[in-house]
Amino acid sequence: GLPIVPPTPDKIARFLRFTDRDPAQSIGVILPDNRTATPWNIAVNGVMAGCRPEVMPILIALVEAMVDPAYGVEHSGNTPGAETLIILNGPIIKELGFNCEQGALRDGFQANTTVGRFWRLYLRNIAGFLPHRTDKGTYGNTWRVVLAENEDALARIGWPPMSADMGFAAGDNTVTISRYTGGDVIPSVFGSTPEAMVPYLADAVLKQTGWQLVFTLGVATATMKPLVILSPVLAETMARGGWSKDDLRAALYREARMPASKFERYIGEWTNFVPGRRTLIDLVNLGKAPDQFAESSDPERLVPIVCAPEDFMIAVSGDPLRTNAYTFSHNGMLGYPTAKRIELPADWQNLLREARAD
């Protein structure tokens, strides 16, 4: 429903200069329509989305993630209407002018906006998710702009970027994708120490969590991965207090808890996803839940919303001087976090200079 840039042969050719791959090379087959992803049809959709040609390596990496079975692209049209968030890491953020500061999740910055729009166009045009047909989102969300991490802020405090969390080296150019049912801002996080700030952050994460708990236990075990985005000043305050990312994850794991009886309502009574309305103790006894979910038989005992601290994903981006955060609710195995390295062409620097001169 938005204007597109006509994908003329000349424009497509300019995109294809930014990859060393053959235009017809198969990158994978995408469900539900079983079409083959190729550099050529990636370039076509990149042109239509309004991308600059030099983002082509990012687009290819995104499609590699899209076709990865771990991600589960076939669930993109599911009824909760979840949308994918793309997280970008590496020197390519600065090289291509991605915004990672004020308004990091707002459209209007060409690189962030057009790459996000590419994702939605590719899902529609190549994967085959068509509204009112294969796309069954009850409400849905709009497509999301790319979230670029503020790696300068991370380097100052000695925290690893998302790329390192996903198994790559800090400094690698990477994309990480995950599908989220929704999110909300956590405004004015107060406190001069990590200990003072975490209860508010944990409460916000908890309030954003509902039926998604069936992906902690029930439909799938340990596939829910909530995301917390910190503004740089919040991350710096935590680091100044001696905390690492892992310390924050451990604190969220301790603090973001709910009564076992309410957890059981989410997975078996209010959503009816667990046959027979099994209790958490039942699931532990069946080997489908970690032992911490059955530490006692008290229905009001507090249990975590994830299986382990490392299930919390942490990113740093946004206005450097605002004490705000953001949390996203994960869609479980229906869009599992998947990361890929961005492969640059051999003549990248020369091509980039040419592109900047256009």
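Read on for an overview of the structure. (Residues numbered from 1 in each chain as written. Predicted model: local features only at pLDDT ≥ 70, side-chain atom pairs only at ≥ 80, totals over all residues. Heavy atoms only, no water.)

1. Comments concerning the overall build of the protein chain
As a reminder of what qualifies: The helix and strand labels rest on DSSP assignments: H or I over at least four residues marks a helix, E over at least two residues marks a strand, and numbering proceeds from the N terminus. Radius of gyration: over C-alpha atoms. The globule rule applied is 2.2 Å multiplied by the number of residues raised to the 0.38 power. Exposed residues in this analysis have more than 50% of their type's maximum accessible area, buried residues have under 20%, and partly exposed residues fall in between, with area computed by a 1.4 Å probe over protein chains only. By definition in these notes, contact holds between two residues if any of their heavy atoms fall within 4.5 Å.
Along the protein chain, the regular secondary structure elements total 13 helices and 11 strands. The C-alpha atoms of the protein chain give a radius of gyration of 21 Å, which matches the 21 Å a tight globule of 358 residues would have. Taken over the C-alpha atoms alone, the protein chain extends approximately 70 × 50 × 30 Å along its principal axes. Counting across all 358 residues of the protein chain, residues that qualify as buried make up 54%. Considering only intrachain contacts with a sequence separation of at least 6, the fraction spanning at least 24 residues in the protein chain is 81%.

2. Concerning the pattern of salt bridges
Oppositely charged side chains can pair when the atoms bearing their charge come close. Using the following cut-off: We define a salt bridge as a contact between a side-chain nitrogen of Lys or Arg and a carboxyl oxygen of Asp or Glu at a distance within 4 Å.
A full pass over the atoms with the stated rule returns 16 salt bridges. Measuring nitrogen to oxygen at the nearest pair gives 3.0 Å for the salt bridge that ties Glu 236 to Arg 156. Separated by 80 residues along the polypeptide, Glu 236 in helix α9 (residues 232–240) and Arg 156 in helix α6 (residues 151–157) bring together distant segments of the chain. The exposure class of Arg 156 is exposed, given its relative accessible area of 58%. For the salt bridge of Lys 225 with Asp 311, the shortest nitrogen-to-oxygen distance reads 2.6 Å. One end of the pair, Lys 225, is in the loop between α8 (194–207) and β6 (227–230); the other, Asp 311, is in the loop between β8 (302–304) and β9 (313–316), and 86 residues separate them in sequence. Relative accessible area serves as the criterion here: at 12%, Lys 225 is assigned to the buried category. Accessibility expressed as a relative area gives 4% for Asp 311, which makes it buried. Here the residues in one salt-bridge network are Asp 165, Lys 245, Asp 246 and Arg 249, joined through shared partners.

3. Let's talk about the side chain of Thr 38
Along the chain, Thr 38 falls in the loop between β2 (35–37) and α2 (39–49). Residue Thr 38 is classed as buried on the basis of its relative accessible area, which comes to 11%. Excluding residues within four positions of it along the chain, Thr 38 makes contact with Pro 23, Ala 24, Gln 25, Ile 27 and Tyr 122.

4. A short note on the environment of Pro 23
Inspection of the secondary structure puts Pro 23 in the loop between α1 (9–16) and β1 (28–30). Those residues in contact with Pro 23 that lie beyond four places of it in its chain are Leu 16, Thr 38, Pro 39 and Trp 40.

5. Notes on unusual backbone geometry
That bond from Leu 31 to Pro 32 is cis: its omega, 5 degrees, falls within 30 degrees of zero. Among the structural elements, Pro 32 can be located in the loop between β1 and β2. Here Asn 34, not a glycine, exhibits a phi torsion of approximately 60 degrees, which is positive. Relative to the helices and strands, Asn 34 is located in the loop between β1 and β2. Of note in this structure, His 132 is not a glycine but carries a positive phi near 70 degrees.

By themselves, these are just geometric observations and shouldn't be taken as functional.
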